[in-house]
Amino acid sequence: MSRSNSYFNGIEQTDIQRAFMKHRHQVFDNVLDLVGKTPLIKINKIASKYKGNFYAKVESFNPGQSSKDRIALYIIEQAEKEGILKPGDTIIETTSGNTGFSIAMVSIIKGYDCILAVSSKSSADKIDMLKTMGAKVYVCPAHVSADDPRSYYQVAKRLHEDMKGSVYINQYFNQLNIDAHYASTGPEIWKQTEGKITHLVACSGTGGTISGTAKYLKEQNPNIKIIGVDAFGSVLKKYHETREFDEKEIYPYRIEGLGKNLIPAATDFDVIDKFVKVTDEDSAHMARAIAKTEGLFVGYTSGAAMQAIIQLGDDNEFGENDNIVIIFPDHGSRYMSKVYSDKWMNEQGFFDSVHEASAQKIQYIK
Ligand code: PMP
(Lines give C-alpha, C1' and ligand atoms only; values in the text may rest on other atoms or scores of the structure.)
Protein backbone atom coordinates (compact mmCIF):
# COMPACT_ATOMS: atom_id res chain seq x y z
CA MET A 1 0.00 0.00 0.00
CA SER A 2 1.39 3.40 -0.95
CA ARG A 3 1.07 6.74 0.75
CA SER A 4 -1.09 9.33 -1.01
CA ASN A 5 0.62 12.60 -1.98
CA SER A 6 -1.79 14.54 0.15
CA TYR A 7 -0.26 12.92 3.26
CA PHE A 8 2.65 15.30 3.01
CA ASN A 9 0.63 18.50 3.18
CA GLY A 10 -0.77 17.24 6.44
CA ILE A 11 -4.40 17.79 5.48
CA GLU A 12 -5.67 14.53 4.12
CA GLN A 13 -5.26 11.01 5.45
CA THR A 14 -2.78 8.51 4.06
CA ASP A 15 -4.07 5.49 2.16
CA ILE A 16 -3.16 3.45 5.18
CA GLN A 17 -5.14 5.67 7.51
CA ARG A 18 -8.06 5.58 5.08
CA ALA A 19 -7.87 1.79 4.97
CA PHE A 20 -7.74 1.72 8.75
CA MET A 21 -10.83 3.89 8.94
CA LYS A 22 -12.63 1.63 6.46
CA HIS A 23 -11.79 -1.45 8.50
CA ARG A 24 -11.95 0.36 11.78
CA HIS A 25 -12.46 -2.80 13.75
CA GLN A 26 -8.89 -3.79 12.90
CA VAL A 27 -7.32 -0.77 14.58
CA PHE A 28 -7.48 -0.63 18.34
CA ASP A 29 -7.16 2.35 20.63
CA ASN A 30 -5.37 0.24 23.25
CA VAL A 31 -4.98 -3.34 24.36
CA LEU A 32 -8.27 -3.34 26.27
CA ASP A 33 -10.23 -3.17 23.02
CA LEU A 34 -9.14 -6.76 22.41
CA VAL A 35 -10.77 -8.20 25.53
CA GLY A 36 -13.33 -10.90 24.73
CA LYS A 37 -14.54 -12.09 21.31
CA THR A 38 -12.32 -15.17 21.67
CA PRO A 39 -12.53 -17.94 19.07
CA LEU A 40 -14.40 -21.21 19.32
CA ILE A 41 -12.07 -23.88 17.95
CA LYS A 42 -13.16 -27.39 17.02
CA ILE A 43 -11.44 -30.15 18.97
CA ASN A 44 -10.75 -32.66 16.25
CA LYS A 45 -8.76 -35.52 17.69
CA ILE A 46 -8.53 -35.83 21.43
CA ALA A 47 -12.19 -36.75 22.01
CA SER A 48 -12.85 -38.32 18.62
CA LYS A 49 -13.81 -41.70 20.07
CA TYR A 50 -16.84 -40.14 21.76
CA LYS A 51 -20.15 -39.14 20.19
CA GLY A 52 -20.75 -35.43 19.70
CA ASN A 53 -18.95 -32.36 18.38
CA PHE A 54 -16.48 -30.69 20.72
CA TYR A 55 -15.51 -27.03 20.59
CA ALA A 56 -13.08 -25.15 22.81
CA LYS A 57 -13.67 -21.53 23.75
CA VAL A 58 -10.01 -20.56 23.84
CA GLU A 59 -9.66 -17.74 26.33
CA SER A 60 -5.90 -17.40 25.86
CA PHE A 61 -6.79 -15.25 22.85
CA ASN A 62 -7.63 -12.45 25.28
CA PRO A 63 -4.79 -9.89 25.41
CA GLY A 64 -3.94 -10.91 28.99
CA GLN A 65 -4.13 -14.55 27.83
CA SER A 66 -6.97 -15.59 30.11
CA SER A 67 -10.71 -15.34 30.72
CA LYS A 68 -9.99 -13.02 33.64
CA ASP A 69 -9.52 -10.06 31.28
CA ARG A 70 -13.28 -10.07 30.95
CA ILE A 71 -14.01 -9.66 34.65
CA ALA A 72 -11.16 -7.24 35.30
CA LEU A 73 -12.33 -4.84 32.62
CA TYR A 74 -16.03 -5.25 33.41
CA ILE A 75 -15.74 -4.83 37.18
CA ILE A 76 -13.36 -1.86 36.94
CA GLU A 77 -15.58 -0.09 34.40
CA GLN A 78 -18.65 -0.69 36.58
CA ALA A 79 -16.79 0.77 39.56
CA GLU A 80 -15.87 3.81 37.44
CA LYS A 81 -19.49 4.26 36.33
CA GLU A 82 -20.67 4.12 39.93
CA GLY A 83 -18.02 6.65 41.01
CA ILE A 84 -16.39 4.14 43.36
CA LEU A 85 -13.07 4.26 41.46
CA LYS A 86 -11.39 7.58 40.84
CA PRO A 87 -8.17 8.39 38.94
CA GLY A 88 -5.09 7.49 40.98
CA ASP A 89 -6.96 5.06 43.26
CA THR A 90 -5.53 1.66 44.20
CA ILE A 91 -7.12 -1.61 43.12
CA ILE A 92 -6.63 -4.57 45.49
CA GLU A 93 -7.37 -8.20 44.79
CA THR A 94 -6.81 -11.79 45.84
CA THR A 95 -5.77 -13.85 42.88
CA SER A 96 -4.22 -17.12 41.76
CA GLY A 97 -2.42 -15.06 39.15
CA ASN A 98 -4.64 -14.63 36.11
CA THR A 99 -7.06 -12.12 37.62
CA GLY A 100 -4.08 -10.21 38.96
CA PHE A 101 -2.46 -10.02 35.56
CA SER A 102 -5.69 -8.76 33.98
CA ILE A 103 -6.27 -6.18 36.73
CA ALA A 104 -2.67 -5.00 36.42
CA MET A 105 -3.10 -4.64 32.65
CA VAL A 106 -6.34 -2.67 32.99
CA SER A 107 -4.75 -0.55 35.76
CA ILE A 108 -1.85 0.43 33.49
CA ILE A 109 -4.15 1.63 30.73
CA LYS A 110 -6.56 3.38 33.09
CA GLY A 111 -4.01 4.84 35.51
CA TYR A 112 -4.60 2.96 38.76
CA ASP A 113 -2.16 1.44 41.26
CA CYS A 114 -2.53 -2.30 41.74
CA ILE A 115 -1.86 -4.46 44.83
CA LEU A 116 -2.29 -8.24 44.65
CA ALA A 117 -2.37 -10.90 47.37
CA VAL A 118 -1.50 -14.24 45.77
CA SER A 119 -1.33 -17.79 47.02
CA SER A 120 2.10 -19.38 47.47
CA LYS A 121 0.75 -22.15 45.21
CA SER A 122 0.93 -19.81 42.22
CA SER A 123 3.83 -20.50 39.90
CA ALA A 124 6.93 -18.29 40.10
CA ASP A 125 6.27 -17.33 36.45
CA LYS A 126 2.88 -15.94 37.37
CA ILE A 127 4.24 -13.90 40.26
CA ASP A 128 7.06 -12.49 38.12
CA MET A 129 4.54 -11.54 35.44
CA LEU A 130 2.46 -9.60 37.95
CA LYS A 131 5.50 -7.66 39.08
CA THR A 132 6.44 -6.98 35.46
CA MET A 133 2.98 -5.49 34.97
CA GLY A 134 3.67 -3.00 37.75
CA ALA A 135 1.68 -4.65 40.54
CA LYS A 136 2.82 -4.83 44.17
CA VAL A 137 2.57 -8.50 45.19
CA TYR A 138 2.01 -10.14 48.60
CA VAL A 139 2.61 -13.92 48.54
CA CYS A 140 0.46 -15.63 51.20
CA PRO A 141 0.63 -19.26 52.42
CA ALA A 142 -1.62 -21.57 50.37
CA HIS A 143 -2.43 -24.24 52.92
CA VAL A 144 -4.14 -22.17 55.61
CA SER A 145 -7.90 -21.83 56.06
CA ALA A 146 -9.70 -18.95 54.38
CA ASP A 147 -10.28 -17.19 57.72
CA ASP A 148 -6.65 -17.47 58.83
CA PRO A 149 -5.17 -13.94 59.06
CA ARG A 150 -2.34 -15.07 56.76
CA SER A 151 -4.68 -16.27 53.98
CA TYR A 152 -4.70 -14.19 50.81
CA TYR A 153 -8.35 -13.27 51.45
CA GLN A 154 -7.60 -11.81 54.87
CA VAL A 155 -4.41 -10.06 53.72
CA ALA A 156 -6.25 -8.34 50.85
CA LYS A 157 -9.12 -7.37 53.15
CA ARG A 158 -6.74 -5.80 55.71
CA LEU A 159 -4.81 -3.90 53.02
CA HIS A 160 -8.08 -2.51 51.71
CA GLU A 161 -9.32 -1.50 55.17
CA ASP A 162 -6.03 0.25 55.94
CA MET A 163 -5.75 2.14 52.65
CA LYS A 164 -7.84 5.14 51.72
CA GLY A 165 -8.84 5.41 48.05
CA SER A 166 -8.61 1.66 47.55
CA VAL A 167 -11.13 -0.66 45.94
CA TYR A 168 -11.22 -4.39 46.71
CA ILE A 169 -12.45 -6.35 43.69
CA ASN A 170 -13.20 -9.45 45.80
CA GLN A 171 -13.89 -11.73 42.83
CA TYR A 172 -15.07 -14.65 44.98
CA PHE A 173 -17.91 -12.62 46.46
CA ASN A 174 -18.64 -10.12 43.72
CA GLN A 175 -21.82 -10.52 41.68
CA LEU A 176 -20.16 -8.48 38.91
CA ASN A 177 -17.86 -11.47 38.30
CA ILE A 178 -20.95 -13.42 37.19
CA ASP A 179 -22.38 -10.42 35.32
CA ALA A 180 -19.18 -10.03 33.26
CA HIS A 181 -19.58 -13.51 31.79
CA TYR A 182 -23.34 -13.08 31.45
CA ALA A 183 -22.64 -9.99 29.35
CA SER A 184 -19.87 -11.42 27.16
CA THR A 185 -18.91 -15.12 27.31
CA GLY A 186 -22.52 -16.36 27.24
CA PRO A 187 -23.67 -14.27 24.24
CA GLU A 188 -20.45 -15.05 22.34
CA ILE A 189 -20.91 -18.83 22.72
CA TRP A 190 -24.60 -18.62 21.82
CA LYS A 191 -23.78 -16.67 18.66
CA GLN A 192 -20.75 -18.75 17.70
CA THR A 193 -22.74 -22.00 17.94
CA GLU A 194 -25.78 -20.39 16.28
CA GLY A 195 -27.77 -21.49 19.30
CA LYS A 196 -26.89 -25.15 18.76
CA ILE A 197 -24.87 -25.67 21.95
CA THR A 198 -26.14 -28.62 24.03
CA HIS A 199 -23.51 -28.78 26.81
CA LEU A 200 -21.19 -26.34 28.52
CA VAL A 201 -18.23 -27.79 30.41
CA ALA A 202 -16.29 -25.26 32.50
CA CYS A 203 -13.94 -25.23 35.45
CA SER A 204 -15.23 -23.66 38.63
CA GLY A 205 -13.00 -21.52 40.81
CA THR A 206 -14.76 -18.34 41.80
CA GLY A 207 -17.59 -19.77 39.69
CA GLY A 208 -17.98 -16.54 37.75
CA THR A 209 -17.29 -18.08 34.35
CA ILE A 210 -19.62 -21.04 34.65
CA SER A 211 -22.40 -19.16 36.47
CA GLY A 212 -22.59 -16.10 34.21
CA THR A 213 -22.18 -18.05 30.99
CA ALA A 214 -24.71 -20.67 32.09
CA LYS A 215 -27.25 -18.08 33.18
CA TYR A 216 -27.20 -16.46 29.74
CA LEU A 217 -27.27 -19.78 27.88
CA LYS A 218 -30.09 -21.24 29.99
CA GLU A 219 -32.17 -18.13 29.37
CA GLN A 220 -31.84 -18.85 25.64
CA ASN A 221 -32.41 -22.61 26.01
CA PRO A 222 -33.09 -24.15 29.43
CA ASN A 223 -32.20 -27.60 28.09
CA ILE A 224 -28.51 -26.79 27.74
CA LYS A 225 -26.64 -28.94 30.24
CA ILE A 226 -24.12 -27.15 32.42
CA ILE A 227 -21.30 -29.24 33.85
CA GLY A 228 -18.78 -27.85 36.34
CA VAL A 229 -15.27 -29.21 36.77
CA ASP A 230 -13.95 -29.48 40.33
CA ALA A 231 -10.73 -30.73 41.92
CA PHE A 232 -10.25 -33.54 44.43
CA GLY A 233 -9.51 -31.59 47.61
CA SER A 234 -12.23 -28.99 46.93
CA VAL A 235 -15.69 -28.59 48.48
CA LEU A 236 -17.69 -27.50 45.42
CA LYS A 237 -19.03 -30.82 44.09
CA LYS A 238 -20.21 -32.03 47.49
CA TYR A 239 -21.76 -28.65 48.27
CA HIS A 240 -23.64 -28.74 44.95
CA GLU A 241 -25.03 -32.17 45.73
CA THR A 242 -25.84 -31.76 49.42
CA ARG A 243 -25.66 -28.00 50.17
CA GLU A 244 -23.31 -29.05 52.96
CA PHE A 245 -19.93 -27.39 53.42
CA ASP A 246 -17.82 -30.41 54.30
CA GLU A 247 -14.38 -29.56 55.65
CA LYS A 248 -13.37 -33.19 55.28
CA GLU A 249 -13.35 -32.67 51.51
CA ILE A 250 -10.51 -30.16 51.83
CA TYR A 251 -6.92 -31.23 51.27
CA PRO A 252 -4.03 -29.82 49.22
CA TYR A 253 -3.97 -30.29 45.46
CA ARG A 254 -1.87 -28.85 42.68
CA ILE A 255 -4.18 -27.39 40.03
CA GLU A 256 -4.31 -23.60 40.28
CA GLY A 257 -7.57 -21.75 39.78
CA LEU A 258 -9.91 -24.75 40.00
CA GLY A 259 -12.00 -25.78 43.01
CA LYS A 260 -12.21 -24.05 46.39
CA ASN A 261 -11.88 -24.47 50.15
CA LEU A 262 -14.85 -22.14 50.69
CA ILE A 263 -18.23 -21.53 49.06
CA PRO A 264 -17.85 -18.55 46.73
CA ALA A 265 -20.84 -16.23 46.49
CA ALA A 266 -19.84 -15.76 42.84
CA THR A 267 -21.00 -19.32 42.15
CA ASP A 268 -24.66 -19.80 41.29
CA PHE A 269 -25.04 -23.48 42.12
CA ASP A 270 -28.61 -23.54 40.81
CA VAL A 271 -27.61 -23.07 37.15
CA ILE A 272 -25.08 -25.91 37.30
CA ASP A 273 -26.50 -29.36 36.55
CA LYS A 274 -23.62 -31.39 37.89
CA PHE A 275 -19.95 -31.38 38.82
CA VAL A 276 -17.18 -33.76 37.76
CA LYS A 277 -13.98 -34.13 39.76
CA VAL A 278 -10.62 -34.59 38.09
CA THR A 279 -7.19 -35.45 39.46
CA ASP A 280 -4.01 -33.38 39.32
CA GLU A 281 -2.23 -36.12 37.41
CA ASP A 282 -4.86 -36.79 34.75
CA SER A 283 -5.33 -33.06 34.18
CA ALA A 284 -1.60 -32.50 33.78
CA HIS A 285 -1.26 -35.24 31.20
CA MET A 286 -4.35 -34.02 29.42
CA ALA A 287 -3.01 -30.46 29.17
CA ARG A 288 0.12 -31.88 27.53
CA ALA A 289 -2.00 -34.05 25.24
CA ILE A 290 -4.06 -31.06 24.06
CA ALA A 291 -0.86 -29.33 22.94
CA LYS A 292 0.41 -32.43 21.15
CA THR A 293 -2.84 -33.42 19.43
CA GLU A 294 -4.70 -30.17 18.80
CA GLY A 295 -1.73 -27.77 18.63
CA LEU A 296 -3.31 -25.64 21.33
CA PHE A 297 -0.92 -24.58 24.08
CA VAL A 298 -3.25 -24.08 27.03
CA GLY A 299 -3.10 -24.03 30.83
CA TYR A 300 -3.49 -26.66 33.54
CA THR A 301 -7.24 -26.11 34.02
CA SER A 302 -7.83 -26.53 30.29
CA GLY A 303 -6.36 -29.98 30.80
CA ALA A 304 -8.77 -30.43 33.72
CA ALA A 305 -11.77 -29.42 31.60
CA MET A 306 -10.72 -31.77 28.80
CA GLN A 307 -10.15 -34.56 31.31
CA ALA A 308 -13.74 -34.04 32.48
CA ILE A 309 -14.87 -34.51 28.86
CA ILE A 310 -13.04 -37.84 28.71
CA GLN A 311 -14.69 -39.00 31.96
CA LEU A 312 -18.11 -37.82 30.77
CA GLY A 313 -17.55 -39.49 27.39
CA ASP A 314 -16.67 -42.74 29.14
CA ASP A 315 -20.00 -42.44 30.98
CA ASN A 316 -21.85 -42.01 27.64
CA GLU A 317 -22.90 -38.47 28.51
CA PHE A 318 -22.94 -37.22 24.91
CA GLY A 319 -25.15 -38.04 21.91
CA GLU A 320 -24.25 -38.06 18.22
CA ASN A 321 -25.66 -34.60 17.49
CA ASP A 322 -24.58 -32.88 20.68
CA ASN A 323 -22.47 -29.74 20.50
CA ILE A 324 -20.27 -29.50 23.56
CA VAL A 325 -18.45 -26.28 24.39
CA ILE A 326 -15.45 -26.56 26.71
CA ILE A 327 -13.89 -23.45 28.18
CA PHE A 328 -10.09 -23.36 28.07
CA PRO A 329 -9.38 -20.56 30.58
CA ASP A 330 -5.74 -19.61 29.94
CA HIS A 331 -2.46 -20.07 28.08
CA GLY A 332 0.18 -22.75 28.57
CA SER A 333 3.07 -20.31 28.88
CA ARG A 334 2.00 -19.66 32.50
CA TYR A 335 2.92 -23.22 33.47
CA MET A 336 6.41 -23.68 32.07
CA SER A 337 7.83 -24.46 35.51
CA LYS A 338 4.95 -26.81 36.33
CA VAL A 339 2.89 -28.93 33.94
CA TYR A 340 5.19 -28.25 31.00
CA SER A 341 8.36 -29.02 32.95
CA ASP A 342 9.37 -32.68 32.77
CA LYS A 343 11.32 -32.13 35.97
CA TRP A 344 8.20 -30.92 37.82
CA MET A 345 6.09 -33.75 36.42
CA ASN A 346 8.69 -36.24 37.56
CA GLU A 347 8.88 -34.68 41.04
CA GLN A 348 5.11 -35.05 41.41
CA GLY A 349 5.41 -38.73 40.50
CA PHE A 350 3.35 -38.11 37.36
CA PHE A 351 5.66 -40.02 35.02
CA ASP A 352 4.54 -43.51 35.92
CA SER A 353 4.79 -46.56 33.72
CA VAL A 354 1.76 -45.59 31.65
CA HIS A 355 2.83 -42.09 30.81
CA GLU A 356 6.58 -41.90 30.96
CA ALA A 357 7.16 -43.42 27.53
CA SER A 358 5.44 -40.46 25.90
CA ALA A 359 7.09 -37.93 28.17
CA GLN A 360 10.53 -37.46 26.68
CA LYS A 361 11.18 -36.62 23.08
CA ILE A 362 14.34 -34.63 23.61
CA GLN A 363 17.65 -36.16 22.63
CA TYR A 364 20.76 -34.61 24.11
CA ILE A 365 23.71 -34.85 21.70
CA LYS A 366 27.00 -35.06 23.58
N1 PMP B 1 -8.78 -21.69 35.29
C2 PMP B 1 -7.87 -20.82 35.73
C3 PMP B 1 -6.47 -20.98 35.26
C4 PMP B 1 -8.23 -19.81 36.61
O5 PMP B 1 -7.29 -18.94 37.06
C6 PMP B 1 -9.57 -19.72 37.06
C7 PMP B 1 -9.95 -18.64 38.02
N8 PMP B 1 -9.71 -18.89 39.36
C9 PMP B 1 -10.49 -20.67 36.59
C10 PMP B 1 -10.06 -21.62 35.70
C11 PMP B 1 -11.92 -20.69 37.04
O12 PMP B 1 -12.67 -19.59 36.59
P13 PMP B 1 -13.74 -18.95 37.56
O14 PMP B 1 -13.00 -18.26 38.66
O15 PMP B 1 -14.48 -17.98 36.70
O16 PMP B 1 -14.60 -20.02 38.10
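We now turn to the structure provided with this report. (Residues numbered from 1 in each chain as written. Predicted model: local features only at pLDDT ≥ 70, side-chain atom pairs only at ≥ 80, totals over all residues. Heavy atoms only, no water.)

Some details on helix α10 (residues 280-294)
Here is the rule we go by: Think of it this way: any DSSP run of H or I at least four residues long counts as a helix, any run of E at least two long counts as a strand, and we number them from the N terminus. A helix is expected to span 1.5 Å multiplied by its residue count minus one. Summary of the burial criterion: residues with accessible area below 20% of their type's maximum are buried, those above 50% are exposed, and those between are partly exposed, where the area comes from a 1.4 Å probe applied to protein chains only.
Over its 15 residues, α10 extends 21 Å from the first C-alpha to the last, a length consistent with the 21 Å expected when each residue adds 1.5 Å. D280, S283, A284, H285, M286, A287, R288, I290 and E294 are the residues of α10 that are buried. The positive-phi residue at the C-terminal boundary of α10 is G295, with phi of around 70°.

Observations regarding a nonpolar patch on the surface
Spelled out, the test is: Residues qualify for a patch when their relative accessible area is over 30% and they have no salt bridge, like charges being joined within 9 Å and the nonpolar side chains of Val, Leu, Ile, Met, Phe, Trp and Tyr within 5 Å. What sets the accessible areas is the Shrake-Rupley method with a 1.4 Å probe; for residues, cover comes only from the shown protein chains. Any carboxyl oxygen of Asp or Glu within 4 Å of a side-chain nitrogen of Lys or Arg constitutes a salt bridge here.
On the surface, F28, V31, L34, I108 and I109 cluster together to form a nonpolar patch covering roughly 390 Å² of accessible area. With respect to the secondary-structure elements, F28 resides in the loop between α1 (15-22) and β1 (40-42).

Examining helix α4 (residues 124-132)
As a reminder of what qualifies: Of all possible arcs, the one meant is that of the directions from the helix axis to the C-beta atoms. It only takes one pair of heavy atoms within 4.5 Å for two residues to be counted as in contact.
Within α4, burial applies to K126, I127 and L130. The arc that holds the buried residues of α4, viewed along the axis, is 95°, so those residues lie on one side. The elements touched by buried residues of α4 are α3 (98-110), β4 (113-119) and β5 (136-140). Positive phi appears at G134, one or two residues downstream of α4, with a value of about 85°.

Thoughts on the pairing of strand β10 (residues 323-328)
Quick note on the threshold: Note on pairing: DSSP must find at least two bridges between two strands before they are called paired.
Of all six residues that make up β10, six are buried, and the element is covered over most of its length. On β10, burial covers both faces: N323, V325 and I327 on one face and I324, I326 and F328 on the other are all buried. Taken together, the six bridges between strand β2 (residues 53-58) and β10 define a ladder with parallel strand orientation. Paired with Y55 across the bridge in β10 is V325. Bridge analysis of strand β7 (residues 199-203) against β10 gives three bridges, and the strand direction is parallel. Bridging across to β10, V201 finds its partner in I326.

A look at the pattern of salt bridges
Summed over the entire model, instances satisfying the criterion amount to 20 salt bridges. One salt bridge connects E188 with K57, and the closest N-O pair in it is separated by 2.7 Å. With E188 in helix α7 (residues 185-192) and K57 in strand β2, this residue pair connects regions lying 131 residues apart in the sequence. There is no split in this pair, since E188 and K57 are both buried.

Details of the environment of G259
Note on placement: G259 falls in the loop between α9 (236-242) and β9 (274-278). Accessibility expressed as a relative area gives 3% for G259, which makes it buried. When the C-alpha positions of G259 and V229 are compared, they lie 7.8 Å apart, and in sequence the two are 30 residues distant. Leave out the neighbours within four places in its chain, and G259 touches S204, G205, D230, A231, S234, L236 and Y253.

Some points on the packing of helix α2 (residues 68-81) against α3
Filter applied, for reference: As a rule, the C-alpha atoms of each element are fitted with a line to give its axis, helices using only the stretch in contact, and angles between N-to-C directions run from 0 to 180 degrees. Each angle is binned into one of four classes, with values under 35 degrees roughly parallel, values over 145 roughly antiparallel, values of 65 to 115 roughly perpendicular, and all other values oblique. Crossings are assigned a handedness: left-handed for a near helix turned anticlockwise from the far helix by less than a right angle, right-handed for a clockwise turn. Under this grouping Gly is polar, as are all residues other than the nonpolar Ala, Val, Leu, Ile, Met, Phe, Trp, Tyr, Cys and Pro and the charged Asp, Glu, Lys and Arg.
Viewed as axis vectors pointing N to C, α2 and α3 meet at an angle of 45°, and their least axial separation amounts to 8 Å. It follows that α2 is oblique to α3 by the angle criterion. In this structure, α2 meets α3 at a crossing whose hand is right-handed. In this structure, α2 uses K68, D69, I71, A72, L73, I76, E77 and E80 to contact α3, whose residues at the interface are N98, T99, S102, I103, M105, V106 and K110. Considering only residue class, the contact of α2 with α3 consists of seven nonpolar, three polar and five charged.

Notes on the sheet that holds β5
One key point about sheets: their strands pair by backbone hydrogen bonds, in either a parallel or an antiparallel sense. Spatial ordering of the open sheet is given by β5-β4-β3-β6, a layout of four strands whose pairing is parallel. One side of each edge strand has no neighbouring strand; the edge strands of this open sheet are β5 and β6 (166-168). Geometrically, the sheet is characterised by an average inter-axis angle of 20° between neighbouring strands, direction not taken into account. The pairing of strand β3 (residues 90-95) with β4 spans six bridges and is classified as parallel. When the bridges of β4 are listed, I92 appears paired with I115. Running at roughly 170° to β3, helix α5 (residues 152-162) makes contact with β3, β4, β5 and β6 of the sheet.

So, the nonpolar core
Under the convention used in this document: Within this scheme, the nonpolar core is defined by two criteria: the residues are buried Ala, Val, Leu, Ile, Met, Phe, Trp, Tyr or Cys, and they are joined through side-chain atoms within 4.5 Å.
Formed by 42 residues in total, the largest nonpolar core has its most connected members in F54, M306, I309 and F328. Breaking this core down by element, the ones donating at least two residues are β2, β7, β8 (225-231), β9, α10, α11 (300-314), β10 and α12 (342-347). Top element by residues in this core is α11. It accounts for eight residues. In this structure, M306 is in contact with I43, I46, A47, M286, I290, I326 and F328, ignoring residues within four places of it in sequence.

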